[in-house]
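Here is how the chains run, residue by residue.
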Amino acid sequence: MIDPGQGVDRLGDVEIADGHVVALHPEGTAPVGEGTLDAKGLWVLPGLIDIHVHLREPGQEYKEDLLSGSRAAVAGGVTTLVCMPNTKPAIDKREVVGLLRRRADQIGLCDIQVCGAISRGLKGEELADLGEMAEAGAACFSDDGYPVMNAGLLRRAFEYASDLNLMLMLHEEEIDLSNGGSMHEGAVSSRAGLRGIPAASESSLIARDLEIAHEFGGRMHVCHMSTKRGVELVRAAKARGWPVSAEVTPHHLFLTDLAVVESDYHGHTKMNPPLRSREHVQALREGLRDGTIEAIATDHAPHGDVEKEEAFGCCAFGVTGLETSFALSLRLVDEGVIDLSRAVELHTAGPANVMGWSDRGRLEPGRRADLCLVDPEVVWTVDPNEGFSKSVNTPFVGWQLKGRVCTTIFEGNIVYQNGRPAR
Amino acid sequence: MRGVSGLGQLDSLEGLTNRSGWPHSLFSTDGLPRDAALEIIGTAREMVEVGRRRVKKLPTLRGRTVINAFFENSTRTRVSFELAGKRMGADVINFSAAASSGAKGETLGDTARTLAAMNPDLIVIRHPEGGAPWFLRERVGCAVINAGDGINEHPTQALLDALTLMEQLGDLDGRTIAIVGDVAHSRVARSNIHLLHTLGATVICVSPSTMRPAQMDQSLKAQWTDDLDAVLPRCDAVMMLRIQRERLRESLFPHNREFAIRFGLNPRRADLLPAHGIILHPGPMNRGVEIEPAVADGDRAMILSQVENGVAVRMALQLMLLARGEG
């Protein structure tokens, strides 16, 4: 049993009933009988939480839908995810939030929390129906995929969302600095002959938005942080006690802009923000260690061939990640970047705290019986064609990873086991 | 997709050596071996002679199919490749399409597979986005020549420029060449920097900082300055790049007049070159912007030789890619 949220790392048994954790028993003291799952040699973790996922429903179900996304999630040990609102149509009304919540309940593999749009149609012009969406169950708000370039609108969004006690997840990108670029701007883009997206595109907007959140009040979360200056700005804001949090993706923790050239300009190395250079990757890893970044989130962004079978500059931004995320974090442990406890925390208590959820993210009596069992010894090779997502756009194809989720339990029920989701 | 390396496994550009695609294709001059470049240029010299004959057609590539796939408007380069293919005896087909995804209702992947199903021996690709030749090659079995991909590379232009320079200057070892203009967004500049470095020349890029490639000292083997007058006296040749109108919108420079004053090649500046110094321009020229008419039409300008050598280089490449290695 490993639960960094309460400092647990020992042999023992988890007793669950009625969808909740009842007790943690020291080794050999639990009653054995009906409904016992032998997890000998496995790690028992709280169910993983991924707060940044694109499920593409409604509107682009050929890329992913709630069912295929749920299957991919539980295969990766994820029992709670937050789906982003840049669907077609956008999730900017209570009807869409409600529809998704009902669909997620019907599927029942994992908890799909809905992030509503900040602005109507993600256009950055006027507020979406934040209050109605909150009433329908929206967990937070974001225009992810796009920044909120209108600072006045962002101010009002912060103020309004504060009343609802919900945070804004911000895609930080100064569009005029990105200027149509497709990879990180630096030595590699100069050599590769591609237009660049400078690091200041991200950090300058983080700086602006920290000031806005601070002056007008509001809970700010930085999505998919990718730059060294971004980490430094968030670290400094936290030191002043400002309520800000940040997430990082697995691909920004492992890959550099060199991957674009190494892959011969393959579309699966194109994402937004782009893969950055080594100094940025190292700064992100440092941000994981010192607590500046509290969550690893995938920005799981499935795309079909229509979007990716194009020249680099034309193809869509984004890569998948649900099924490889935790195993990649175990590789961070192997590489000595973080310890196992921190790795688990970044997928459980960390994101739960970001979202303000006290009913999950820990193996604690009274909390939801969302669990994830990991076989730490199994070595496997990433092959997207064997995955459950409808899309195959991962840059980690062919990577050998050690440690893999073998069983996922959601509200006390086994939803993934022996390589198969329950539905 | 080929697997990519994680942090710590590949830490610099120098780990990625030959990106040229040679000898099965030609994507880039980045890493094109010196011997191969000199062989292409040497073969092209022979083709210059062929082009001056009364009967210019060789039977070498008879029965072979070359597709010129142009996803971006181009007359000069397409005509040059078409003429080169026809002079080598190949059947040359021109194919044009719009590039942007969605607009044409077909992905580049589908277009590539469609072209491949016609069993061409060579596809020449011009595309507005960098990397398109690599993308194409992964989906077709035949040879691919990059005829310009976005702001990335235009390797046949660099080879024809090298041939022109060597005709006038001999060996390029130890020579100094200035490249003037929007280096950051120029495929001509990028291919020339790689090839001239391989051939032993020193390259000095001259531009305002807005047109200097990011972290140039770590990425490209060339020097940079914004002072054209200071470098011209030590240059054996100067290459003027075409100023693109659309760059005005990106505020890379205030207006044409100011660019002409700071970076244009006028008669006064041309006289700063040493006596043997020559002038190149890839065309089409903006007379009065990057180059004044008196200079463009003067004795030092090699612009029409470049055009003639372009056909010869493309003949040589088609010959080497298609007729050799088949015993």
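Before reading on, note that the structure itself is shown above.
These figures come from a predicted structure and were not determined experimentally. (Residues numbered from 1 in each chain as written. Chains lettered and ligands numbered in written order. Predicted model: local features only at pLDDT ≥ 70, side-chain atom pairs only at ≥ 80, totals over all residues. Heavy atoms only, no water.)

(A) View of the nonpolar core. Judged by nonpolar contacts, the single largest core of 92 residues is most densely connected at A:Leu81, A:Phe141, A:Leu168, A:Met220, A:Met225 and A:Leu288. Among the nonpolar cores identified, the runner-up in size contains 65 residues, and B:Val92, B:Leu159, B:Leu220 and B:Leu319 belong to it. (Core = buried A, V, L, I, M, F, W, Y, C linked by side-chain atoms within 4.5 Å. Buried < 20%, exposed > 50% of the residue type's maximum accessible area, 1.4 Å probe, protein only.)

(B) How the structure looks around the interface of chain A and chain B. Chain A puts 41 residues into the contact, and the matching count from chain B is 48 residues. On the chain A side of the contact with chain B, A:Arg191, A:Glu262 and A:Glu309 bury the most area, a combined 22% of that side's loss. Seen at the junction of chain A and chain B, the total is 6 salt bridges. Between B:Arg113 and A:Glu309 there is a salt bridge whose closest N-O contact spans 2.9 Å. Connecting chain A to chain B are 18 residue pairs in polar contact (both at pLDDT 80 or more). At the level of secondary structure, the elements contributing two or more residues to the side of chain A that touches chain B comprise helix H6 (187–192), helix H10 (258–262), helix H11 (278–290) and helix H12 (305–308) of chain A. Along the lines of polarity and charge, the residues of the side of chain A that touches chain B split into 18 nonpolar, 11 polar and 12 charged. (Contact = heavy atoms within 4.5 Å. Buried area = accessible area lost by both parts, 1.4 Å probe. Salt bridge = Lys/Arg side-chain N within 4 Å of Asp/Glu carboxyl O. Polar contact = N/O pair within 3.5 Å; in protein donor to acceptor, adjacent residues only side chain to side chain. Helix = DSSP H or I, 4+ residues; strand = E, 2+ residues; numbered from the N terminus. Nonpolar A, V, L, I, M, F, W, Y, C, P; charged D, E, K, R; others polar.)

(C) Region of the structure containing the packing of aromatic side chains. Residue and element names in this part refer to chain A. Going through the model one piece at a time under the given rule, you end up with 9 aromatic pairs over all chains. Seen in terms of ring centroids, Phe254 and Phe396 are 6.3 Å apart; in terms of plane orientation they differ by 90°. Their pairing is edge-to-face. Taken as a pair, Phe254 in helix H9 (residues 250–254) and Phe396 in the loop between strand S16 (371–381) and strand S17 (400–410) lie far apart in primary sequence, 142 residues in all. Each of the two residues, Phe254 as well as Phe396, counts as buried. Grouped by ring-pair contacts, the aromatic residues Phe254, Phe396 and Trp399 constitute a single cluster. (Phe/Tyr/Trp six-rings, centres within 6.5 Å; stacked < 30°, edge-to-face > 60°.)

(D) Up close: helix H13 (residues 303–322) of chain B. In a regular helix each residue adds 1.5 Å, so 20 residues correspond to 28 Å; H13(B) covers 29 Å between its end C-alpha atoms and thus fits that length. With respect to burial, H13(B) is a largely interior element, 16 of its 20 residues being buried. (Expected span 1.5 Å × (residues − 1).)

(E) Examining the sheet that holds strand S15 (residues 295–296) of chain A more closely. All names here are of chain A. Strand order in this open sheet of 8 strands is S6-S7-S8-S9-S10-S13-S14-S15, and the pairing throughout is parallel. Each edge of the open sheet carries a strand with a single partner, namely strand S6 (48–53) and S15. Bridging between strand S8 (residues 111–116) and strand S9 (residues 140–142) involves 2 bridges; their strand directions are parallel. By the bridge assignment for S9, Cys115 is matched with Cys140. (Pairing = 2+ DSSP bridges.)

(F) Representation of helix H1 (residues 34–51) of chain B within the structure. Residues and elements named next belong to chain B. With 18 residues, H1 should reach 26 Å at 1.5 Å per residue; the first-to-last C-alpha distance of 25 Å fits that figure. Within H1 the residues assigned to the buried category are Ala36, Ala37, Ile40, Ile41, Thr43, Ala44, Met47, Val48, Val50 and Gly51. On its buried face, H1 sits against helix H2 (76–87), helix H5 (155–169), helix H6 (187–198) and H13.

(G) Local environment of the pairing of strand S8 (residues 237–240) of chain B. All names here are of chain B. With burial as the criterion, each face of S8 is covered, one bearing Ala237 and Met239 and the other bearing Val238 and Met240. Where strand S5 (residues 176–180) meets S8, 4 bridges bridge the pair, whose relative direction is parallel. If you follow Val180 over to S8, its bridge partner there is Met240. Pairing of S8 with strand S9 (residues 278–280) involves 3 bridges; the strand directions are parallel.

(H) Expanded view of the side chain of B:Asp149. Residue and element names in this part refer to chain B. Tracing the chain through its elements places Asp149 in strand S4 (residues 143–149). No salt bridge is formed by the buried Asp149; the nearest opposite charge belongs to Arg187, separated by 6.4 Å. Among the polar contacts listed, one links the side chain of Asp149 to the backbone nitrogen of Glu153, at a separation of 2.9 Å. Asp149 has contacts with His127, Glu129, Gly130, Gly131, Ala132, Pro133, Trp134 and Arg187, leaving out every residue within four places of it along the chain. (Lys, Arg positive; Asp, Glu negative; His and termini not counted.)

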